[in-house]
Amino acid sequence: MRKVELYRFSLPMEAGVILRNQRLKTRDGLLVCLTENGKQGWGEISPLPEFSEETLEEAEAATLGWLHSWVNGEQAFESALPSVAFGLSCAMGELSGFLPQKADYRKAPLCNGDPDELFAVLGAMPGEKVAKVKVGLYEAVRDGMIVNLLLEAIPDLKLRLDANRSWTRAKADGFAKYVQPQFRDRIQFLEEPCKTRDESRDFSRETGIAIAWDESVREADFEVEAEPGVAAIVIKPTLVGSIQRCHMLIDQAHKAGLMAVISSSIETSLGLTQLARMAAWLTPDTIPGLDTLSLMQSQLVRPWPDSELPVLDVDALEVVWRR
Ligand SMILES: O=C(O)CCC(=O)C1=CC=C[C@@H](O)[C@@H]1C(=O)O
Ligand SMILES: [Mg+2]
């Protein structure tokens, strides 16, 4: 006997979380619970505004279609909507056991501008020290100074930077000029410095700063390949698709000698703990980019270890469909 439950959630965000052009006040999405033979599988489906192509309404309609098929014992195909494919593959992965339990709860701490906050966190970080700093929001000279300051103060620190395609070549070069040459190889990578892939490749060639593809991974013409200056691909499963598709991309990256970094699309604690399990399984040597829970005011159903945020129980959620 198969059973399904579909819930809707809306969790308040911390003030001031900006995604591209809009403030994100709440994180909205769906939780699905599949039951079969006394086993349960959970999944989170939460398209990210400004990043996902699909809306939550479209994701809900596609999810309901899939759930109807599944509960009636029919074959349910992988959804073309990435957030739906990801959440349903997690639920199926728990049900059938292909998503292992063991998780990698390390996370590269995220710095949105104030380096002082990062010092305390990094001081307490055991093992490899890697942090992620957003760049391109302020003047390139300020970004360069922050990078120098952090790398100078913490000698075993490596940085991941993310410009979200915000720079022209000239701006990107301006940034590189301010980073002291001896620190450049401690920049593990800079995600998508320029507006186009070709400009980003040129930037890396001329500055010696390694780059990573993030937005590009989701574009139709993207292929995983070894290229000079490219160190990594960033995989955000909610934006990419099913666990199987992410697994394939990660295998391709590893075969090409690239690092693959599993990263958050600001999922709730439920989705984030599943990403931590994917990371332990598929990218065990790489610290995942999962430091986004503190952008929210509460957790959902499953807590992230050590988080002090309250946990909202499933009973508090609106039921969309149950069978
Ligand atoms: O990659 C990480 O370490 C954390 C996630 C992260 O930086 C992002 C998640 C979602 C949207 C963006 O704001 C941002 C990114 O562009 O990578
Ligand atoms: Mg990015």
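Preceding block: the structure.
So, here's what we can say about the structure. (Residues numbered from 1 in each chain as written. Chains lettered and ligands numbered in written order. Predicted model: local features only at pLDDT ≥ 70, side-chain atom pairs only at ≥ 80, totals over all residues. Heavy atoms only, no water.)

What about the overall build of the protein chain?
A count of helices and strands for the protein chain gives nine helices and 15 strands. In terms of overall dimensions, the protein chain has a C-alpha envelope of 65 × 40 × 35 Å along the principal axes. Within the protein chain, the fraction of its 323 residues that count as buried is 54%. For the protein chain, long-range pairs separated by at least 24 residues make up 67% of all intrachain contacts whose partners lie at least 6 apart in sequence. Here the protein chain has roughly 14300 Å² of accessible surface; of this, 51% comes from carbon and sulfur atoms. Placing the 35 positive and 48 negative side-chain charges of the protein chain at their respective mean positions leaves the two points 1 Å apart. (Helix = DSSP H or I, 4+ residues; strand = E, 2+ residues; numbered from the N terminus. Buried < 20%, exposed > 50% of the residue type's maximum accessible area, 1.4 Å probe, protein only. Contact = heavy atoms within 4.5 Å. Areas by Shrake-Rupley, 256 points an atom, 1.4 Å probe, with all protein chains shown as cover. Lys, Arg positive; Asp, Glu negative; His and termini not counted. Charge placed at Lys NZ, Arg CZ, Asp CG, Glu CD.)

A closer look at the sheet that holds strand β12 (residues 259–262)
As summarised here, the arrangement of the seven strands in space is β6-β7-β8-β9-β10-β11-β12, forming an open sheet in which the pairing is parallel. The strands lining the two open edges of the sheet, one partner per strand, are β6 (110–111) and β12. Inspection of the sheet shows strand β10 (residues 211–213) paired to strand β11 (residues 230–235) by three bridges, in the parallel sense. The partner of W213 across the bridge, within β11, is I233. (Pairing = 2+ DSSP bridges.)

What to know about the pairing of strand β1 (residues 2–12)
As defined by bridge partners, β1 adjoins strand β4 (residues 26–36) across 11 bridges and the pair is classed as antiparallel. Opposite R2, over in β4, you have E36 as the bridge partner. Pairing of β1 with strand β15 (residues 318–322) involves four bridges; the strand directions are antiparallel. Each bridged residue has a counterpart across the sheet, and for R8 the counterpart in β15 is E318.

Some words on the pattern of salt bridges
Applying the stated criterion to the full structure yields 22 salt bridges. Between R20 and E215 there is a salt bridge, with the nearest N and O atoms lying 3.5 Å from each other. Of this pair, R20 sits in the loop between β2 (18–19) and β3 (22–23) while E215 sits in the loop between β10 and β11, and the two are 195 residues apart along the sequence. What makes E215 buried here is its relative accessible area of 7%. For the salt bridge of R165 with E192, the shortest nitrogen-to-oxygen distance reads 2.8 Å. Here E192 lies in the loop between β9 (187–191) and α6 (197–207) and R165 lies in the loop between β8 (157–162) and α5 (169–178), a separation of 27 residues in the sequence. (Salt bridge = Lys/Arg side-chain N within 4 Å of Asp/Glu carboxyl O.)

Points about the packing of aromatic side chains
Under the counting rule described, the total for this entry stands at four aromatic pairs. When the centroid spacing of 5.0 Å and the interplanar angle of 25° are considered together, the rings of W167 and F175 count as stacked. Take W167 and F175: they sit in the same class, and that class is buried. Just above the ring of F51 sits the side chain of R20; from NZ or CZ to the centre is 4.0 Å. If you follow R142 out to its NZ or CZ, it ends over the ring of Y138, 4.5 Å from the centre. (Phe/Tyr/Trp six-rings, centres within 6.5 Å; stacked < 30°, edge-to-face > 60°. Lys NZ or Arg CZ within 6 Å of the ring centre and 35° of its normal.)

Keep in mind that these numbers describe shape and distance, not what the molecule does.
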